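# Fold and contact review
Residues per chain are reported as follows:
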Amino acid sequence: MKPIYKTVGIVGTGAMGRGIAQIAAQAGSVVKLMDNQAGAAEKAREAICAQWDKLVEKGRMETTAATSHKASLLTAGTLADLADCDLIVEAIVERLDVKKALFAELETIVSAQTVLATNTSSLSVTAIAAALKHPERFAGYHFFNPVPLMKVVEVIAGLKTDAAVCSALADYARQMGHTPVQAQDTPGFIVNHAGRGYGTEALRIVSEGVADFATIDRILRDQAGFKLGPFELMDLTALDVSHPVMESIYHQYYEEARYRPSVITAQRLAGGMLGRKTGEGFYRYADGVMQLPAEAPVPRVAEMPPVWVSPRASRRSELLQLLKNLGAKIETGQSASPQALMVVAPLGFDITTVAVVERLDPARTVGIDMLIDDAATRRRVLATNPATRTDMRDAAHALFARDGKAVSVIRDSGGFVTQRVVATIVNIASDICQQGICSPKDLETAVTLGLGYPLGPLAMGDRYGPTNVLEVLFNMQTVYGDQRYRPSPWLRRRGAIGLSLMHEE
Ligand code: NAI
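Keep in mind that this is a model prediction, so the values were computed, not measured.

So, how was this worked out
- Residues numbered from 1 in each chain as written.
- Predicted model: local features only at pLDDT ≥ 70, side-chain atom pairs only at ≥ 80, totals over all residues.
- Heavy atoms only, no water.
- Salt bridge = Lys/Arg side-chain N within 4 Å of Asp/Glu carboxyl O.
- Buried < 20%, exposed > 50% of the residue type's maximum accessible area, 1.4 Å probe, protein only.
- Axes fitted to C-alpha atoms, helices over the stretch in contact; angles between N-to-C directions.
- Helix = DSSP H or I, 4+ residues; strand = E, 2+ residues; numbered from the N terminus.
- Parallel < 35°, antiparallel > 145°, perpendicular 65-115°, else oblique.
- Contact = heavy atoms within 4.5 Å.
- Nonpolar A, V, L, I, M, F, W, Y, C, P; charged D, E, K, R; others polar.
- Core = buried A, V, L, I, M, F, W, Y, C linked by side-chain atoms within 4.5 Å.
- Pairing = 2+ DSSP bridges.
- Polar contact = N/O pair within 3.5 Å; in protein donor to acceptor, adjacent residues only side chain to side chain.

On to the pattern of salt bridges, then. Under the defined criterion, the tally for this structure stands at 30 salt bridges. Salt-bridge contacts for R95 lead to D97; the nearest nitrogen and oxygen are separated by 2.7 Å. Taking relative accessible area as the criterion, R95 reaches 43% and is therefore assigned partly exposed. In this structure D97 comes out as partly exposed when scored by relative accessible area, which is 47%. Note that R258 and E256 form a salt bridge whose closest N and O atoms lie 3.9 Å from each other.

Structure below.
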């Protein structure tokens, strides 16, 4: 198939420029590499050719294909050498003034038909285009690192971008083997906006002393199926990249509470504990291997108390069945006997509030997160309240670990770890739909491919129940009085009918 753009210029041949150049050449375009650092374009060319050699070695590319790609990969000494390009993609330093100056100069060199695109991840496409004579041929083309493996690209229309330019860029993305998604020009576009919920809510949980980093990572991996916990992920991305993104999106949205960053990452960034690349982040790394702190052992309990389950527990019948399977002595009376361990399973509320409202003895009350079907998770999460007796906590821990499933015991908070993080992700995603930043379908595609979540955020909301998610948010808003937990109107409207329905309202 003939490529939509015969000749493609890449300005800035660092990590991103190289990746884009590689897939553009693989799509059959002639690619010209340009960098303002002496020798950088040649170095990039060699690196890309080495990538193709590797693919040939692994049997993933024909030798003839590699030879032809190499022949179509050229270097350009100056911007003037890009005069005949049909598309120019910029991947230079992330500075508005420098990008604006580059495109102003390119406009004096190329024809009026040449499409100009920026790979910016945090600047406004409209702002970069503001100085152009022909802003209609300018768009955002946001790839992810490493480009050949991250198969999604956001195509972003600035205020004046011609829709035909975006649709051609989307078609070209497909020719390069990528999946395009269309986004409005808003802070963080889709992926970096949708990704705000995961890390910021996890950081907030740590800042409240509810659980430590490793426990939160374990819970989100084992309960909700995330490949990497939020702290492992931040260690991998490094805080010098992720903390500024958190700050930038928060400020660009005029201090919207949903995106509020954390002092924890600000301090760690200042202290140089950036993550894997500095050998220490939330975890320590010895020879590149993460040092995982050991889990708390399951306590030995000589005599197990009887168990009483609150009539208001979520998934109550499943919880009773689980306790039966674990061999618990279950009390069935209206109220608990004086010896009983009392189990509550709230959504969004803290254990203390539940004990007070339901008039339970807080010293014997322990909570369990039942948002997700127990059969679908690899870990159970219990929460104490400040008055919970140690023997009751240990009994609950030992009881719920009887079948060998992992158990984490956390401290009281509004909402359990998974409830808080999942509800925040679903809420932010719903607000992206509310703002019309992209279609629900593109949102799901962008998040699964760009962030590697086990499910798109809307499908995640449907899996765990939109009304459950709403209940978590409403109750957390009550507990914390914090605007960050106010449910998006889109979520409230869709709550009853499901979030991932693709029909338009
Ligand atoms: P990098 O630092 O690896 O490469 C930038 C290259 O641009 C360097 O080779 C530099 O010499 C060259 N350069 C700088 N100013 C130039 C100019 N005026 N003219 C020509 N060349 C110039 O940076 P990286 O990571 O490749 O990022 C490039 C762009 O892509 C930035 O806008 C960044 O925000 C964006 N981006 C980066 C992602 C990442 O994960 N690294 C992901 C998505 C977007």
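Once the structure has been displayed, the description carries forward.
Turning to the packing of helix α17 (residues 440–451) against helix α18 (residues 457–464), a few remarks are in order. Viewed as axis vectors pointing N to C, α17 and α18 meet at an angle of 95°, and their least axial separation amounts to 7 Å. Here α18 runs roughly perpendicular to α17, going by the angle between their axes. Across the interface between the two elements, P440, L443, E444 and V447 of α17 pack against P457, L458 and A459 of α18. The residue inventory of the contact of α17 with α18, partitioned by class, reads 6 nonpolar, no polar and 1 charged.

This next bit is on the nonpolar core. Ranked by size, the top nonpolar core spans 99 residues in total, and within it L82, I216, F231, F282, I410 and L443 carry the most contacts. Discounting residues that sit within four places of it in the chain, F231 has contacts with A202, L203, V206, F213, I216, D217, F282 and Y283. Grouped together as the second largest cluster of nonpolar side chains are 39 residues, I23, A24, L87 and V155 included.

The 8 strands lie next to each other as β3-β2-β1-β4-β5-β6-β7-β8, forming an open sheet whose pairing is mixed. Strands with a single pairing partner mark the edges of an open sheet, and in this sheet they are β3 (73–75) and β8 (179–184). Neighbour-to-neighbour, the strand axes of this sheet turn through a mean angle of 25°, independent of strand direction. Pairing between strand β7 (residues 152–157) and β8: 6 bridges, direction parallel. Bridging from a neighbouring strand, V153 pairs with P180 of β8. Its contacts with the sheet place helix α2 (residues 40–57) against β2 (30–34) and β3, and it is angled at close to 165° to β3.

For the rest of this paragraph, the subject is the side chain of E232. With respect to the helices and strands, the residue E232 is situated in helix α10 (residues 230–237). A polar side-chain atom of E232 sits 2.5 Å from a polar atom in the side chain of R221. Looking at E232, its side chain comes within polar contact range of the main-chain nitrogen of G229, at 2.7 Å. Setting aside its immediate chain neighbours within four residues, E232 contacts D217, R221, Y283 and M290.

Below, the discussion takes up the environment of G481. On the secondary structure map, G481 appears in the loop between α19 (466–480) and α20 (489–494). The class for G481 is exposed, based on a relative accessible area of 60%. Expressed as a C-alpha distance, the spacing of G481 and A375, which sit 106 residues apart in the sequence, is 33 Å.

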